[in-house]
Amino acid sequence: MIVFPRKIPTIIQGLEALLRRLPPDHVKRPIIEAELNKHKAGFKGEQSLDYYFDLLPEKEFLILHGLRLPYKDRAFQIDTLLLSKTFFILIEAKNLTGTVIIDDTFHQLIRIKETGEKEVFQDPIKQVQLQQYQFSNLLELLKTPSVPLRHLVVFTNPNTYLQAKNPDYVKQVVTSQNLIFKIFEMKEEHTKEVFSWKDLRKLATSLIKRHTPPTIKVLEK
């Protein structure tokens, strides 16, 4: 059951508004268009997972998309958070094409395009693990019963060729079509009920109240 629906990111709306006001020959236009395309691709990847989330039993999972929660003097965002009576899952979505190598030595994601060009990104597993750490601290502040926390990195583009040498990393990464099966696998591992459905809804409401939308000054950037 979706209790916090997905919304178009503020950065996309801001960049689109900025482009509408720029002349076609503005020197910064290609940079802004590239930035917009990057954010749109990420959002499209997240949206593509909705088909699979719809397959989850409505009375077993609460689904929260794009929740941005406070942590000390900052905030962290979870692409999708799944809450159940027995365990919670944090999901980080990645929409990349080409060959993607997850390097567990230097903790980097290396993308090799069809042209041979390489791009380096932060390690998505470490990224979602950090989110899980921050989320666990928030749950402690809310005096929430101890509940198993799991995480997954989901690659949404079917044309992505994934490579990872570390078997522990492989267990934490899935493609879109395998997402639902991985969630059910986790569900079988966690059978002890920690929450009632009523208390789970209360927690979801509490988290939604703490959602802090980002303030992005696109023009300044």
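One can find the structure itself at the top, above this paragraph.
Computed from a predicted model, the values in this text were never measured in an experiment.

For the rest of this paragraph, the subject is the sheet that holds strand β6 (residues 108-112). If you trace the four strands from one edge of the open sheet to the other, you get β7-β6-β5-β9, paired in mixed fashion. Every other strand in the sheet has two partners, leaving β7 (118-122) and β9 (160-164) as the edge strands with one partner each. If you compare each strand with its neighbour and ignore which way they point, the axes differ by 20 degrees on average. Where strand β5 (residues 98-103) and β6 come together, five bridges link them in antiparallel fashion. Along β6, the bridge assignment pairs Val100 with Arg111.

An ideal rise of 1.5 Å per residue puts 16 Å on twelve residues; helix α1 (residues 10-21) measures up with 17 Å between its terminal C-alpha atoms. Every buried residue of α1 is listed here: Ile11, Ile12, Leu15, Ala17, Leu18 and Leu19.

The next subject is the side chain of Thr160. The topology assignment puts Thr160 in strand β9. Within the local environment of Thr160, its side chain forms a polar contact with the backbone oxygen of Asn157, the two atoms lying 3.1 Å apart. Look past the residues within four positions of Thr160 in its chain and what remains in contact with it is Leu96, Thr97, Gly98, Val100 and Phe155.

A few words now on the pattern of salt bridges. Two side chains carrying opposite charge are able to pair once their charged atoms lie near each other. One pass over the full model with this rule turns up twelve salt bridges. Across the salt bridge formed by Lys38 and Glu35, the nearest N and O atoms sit 3.6 Å from each other. Of this pair, Lys38 and Glu35 both sit in helix α2 (residues 29-48), three residues apart, which is roughly one turn of the helix. Overall, the relative accessible area of 51% leaves Lys38 in the exposed class. Across the pair Glu189 and Arg150 runs a salt bridge, and its minimum N-O distance is 2.8 Å. One end of the pair, Glu189, is in helix α6 (residues 176-189); the other, Arg150, is in strand β8 (residues 149-155), with 39 residues separating them in the sequence. Using a relative accessible area of 46% as the deciding quantity, one classes Glu189 as partly exposed.

Across the sheet, which stays open at both edges, the six strands sit in the order β1-β2-β3-β4-β8-β10 with mixed pairing between neighbours. In this open sheet, the two strands that pair with only one neighbour each are β1 (2-4) and β10 (173-175). Here the average twist between neighbouring strands, direction ignored, is 35 degrees. Pairing between strand β4 (residues 88-94) and β8: seven bridges, direction parallel. In the strand pairing of β8, Phe88 is matched with Leu149.

Cut-offs used in this document
- Residues numbered from 1 in each chain as written.
- Predicted model: local features only at pLDDT ≥ 70, side-chain atom pairs only at ≥ 80, totals over all residues.
- Heavy atoms only, no water.
- Pairing = 2+ DSSP bridges.
- Helix = DSSP H or I, 4+ residues; strand = E, 2+ residues; numbered from the N terminus.
- Axes fitted to C-alpha atoms, helices over the stretch in contact; angles between N-to-C directions.
- Expected span 1.5 Å × (residues − 1).
- Buried < 20%, exposed > 50% of the residue type's maximum accessible area, 1.4 Å probe, protein only.
- Polar contact = N/O pair within 3.5 Å; in protein donor to acceptor, adjacent residues only side chain to side chain.
- Contact = heavy atoms within 4.5 Å.
- Salt bridge = Lys/Arg side-chain N within 4 Å of Asp/Glu carboxyl O.

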